[in-house]
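Working through the structure, step by step
Here are the chains, one letter per residue:
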Amino acid sequence: MTEQEPMITNNPVPDGLIPADVLASATPVAVYGYARARAGKETRLLDEIQAVISPTREEAGCEQYVVHTAGDEPGAFAFYERWSSGAHLLAHVSQPFMQKYFAAIADLVDGRLEAHWLNPVS
């Protein structure tokens, strides 16, 4: 195992948010995600999101990690991530700071996290 190709061991994300075939990908993977804050939890969710942006962007295999707000929907956040491989994505979600993040947002998100997995063509 090298830093370029972390070992895939399990799926540590909430409710199997990442499909096994994505985690097993040896080619780049991308995701468009969406989260909505529960009423009154918008600021706390934003704080949790902002806390993971910098450390995520510093990780091996992180090609792009951006978060947007939806101006017409307060408390709504759109994510776009691109990783060099599924193994890099797995290493990311396995980081202690991400495990803390998933635990913290469980009570802040209205409904389920949405994830739409993409296969980059460029």
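Residues numbered from 1 in each chain as written. Predicted model: local features only at pLDDT ≥ 70, side-chain atom pairs only at ≥ 80, totals over all residues. Heavy atoms only, no water.

Quick look at the overall build of the protein chain now. Along its length, the protein chain carries four helices and four strands. Counting from the amino terminus, helix and strand elements in the protein chain follow one another as α-β-α-β-β-α-α-β. Out of the 122 residues belonging to the protein chain, those deemed buried represent 36%. Pairs at least 24 apart in sequence give 74% of the contacts found in the protein chain among residues at least 6 apart. (Helix = DSSP H or I, 4+ residues; strand = E, 2+ residues; numbered from the N terminus. Buried < 20%, exposed > 50% of the residue type's maximum accessible area, 1.4 Å probe, protein only. Contact = heavy atoms within 4.5 Å.)

In this structure the tally under the stated criterion is one aromatic pair. Centroid distance Tyr101 to Phe102: 5.7 Å. Interplanar angle 55°. Geometry classified as tilted. Take Tyr101: its relative accessible area is 7%, and that puts it in the buried class. (Phe/Tyr/Trp six-rings, centres within 6.5 Å; stacked < 30°, edge-to-face > 60°.)

This paragraph deals with empty space enclosed by the protein. Over the atoms rolls a probe the size of a water molecule, and in doing so it shows where empty space is left. Scanning the entire structure with this criterion turns up one cavity of 30 Å³ or more. Here the largest cavity defines a volume of roughly 260 Å³. Forming the boundary of the largest cavity are 21 residues, of which Leu17, Phe79, Glu81, Phe102 and Leu113 lie nearest the centre. For the lining of the largest cavity, the secondary-structure elements that each account for two or more residues are strand 1 (29-36), strand 3 (76-83), helix 3 (86-94), helix 4 (96-105) and strand 4 (114-118). A class-by-class count of the residues in the lining of the largest cavity yields 17 nonpolar, two polar and two charged. (1 Å grid on protein atoms, 1.4 Å probe; cavity = no way out; pocket = protein on both sides within 12 Å on 5 of 7 lines; lining within 4 Å. Points joined across faces, edges and corners; volume = space filled by probe spheres on them. Nonpolar A, V, L, I, M, F, W, Y, C, P; charged D, E, K, R; others polar.)

The next thing to look at is helix 2 (residues 42-57). The end-to-end C-alpha distance of helix 2 is 23 Å, a good match for the 22 Å that 16 residues give at a rise of 1.5 Å each. For helix 2, the complete set of buried residues consists of Leu45, Ile49, Val52, Ile53 and Thr56. For helix 2, the angular spread of the buried residues around the axis is 130°, confining them to a single face. Where helix 2 is buried, its residues contact strand 1, strand 2 (62-69), strand 3, helix 3 and helix 4. (Expected span 1.5 Å × (residues − 1). Arc of directions from axis to C-beta.)

Taken by themselves, the reported measurements are silent on function.
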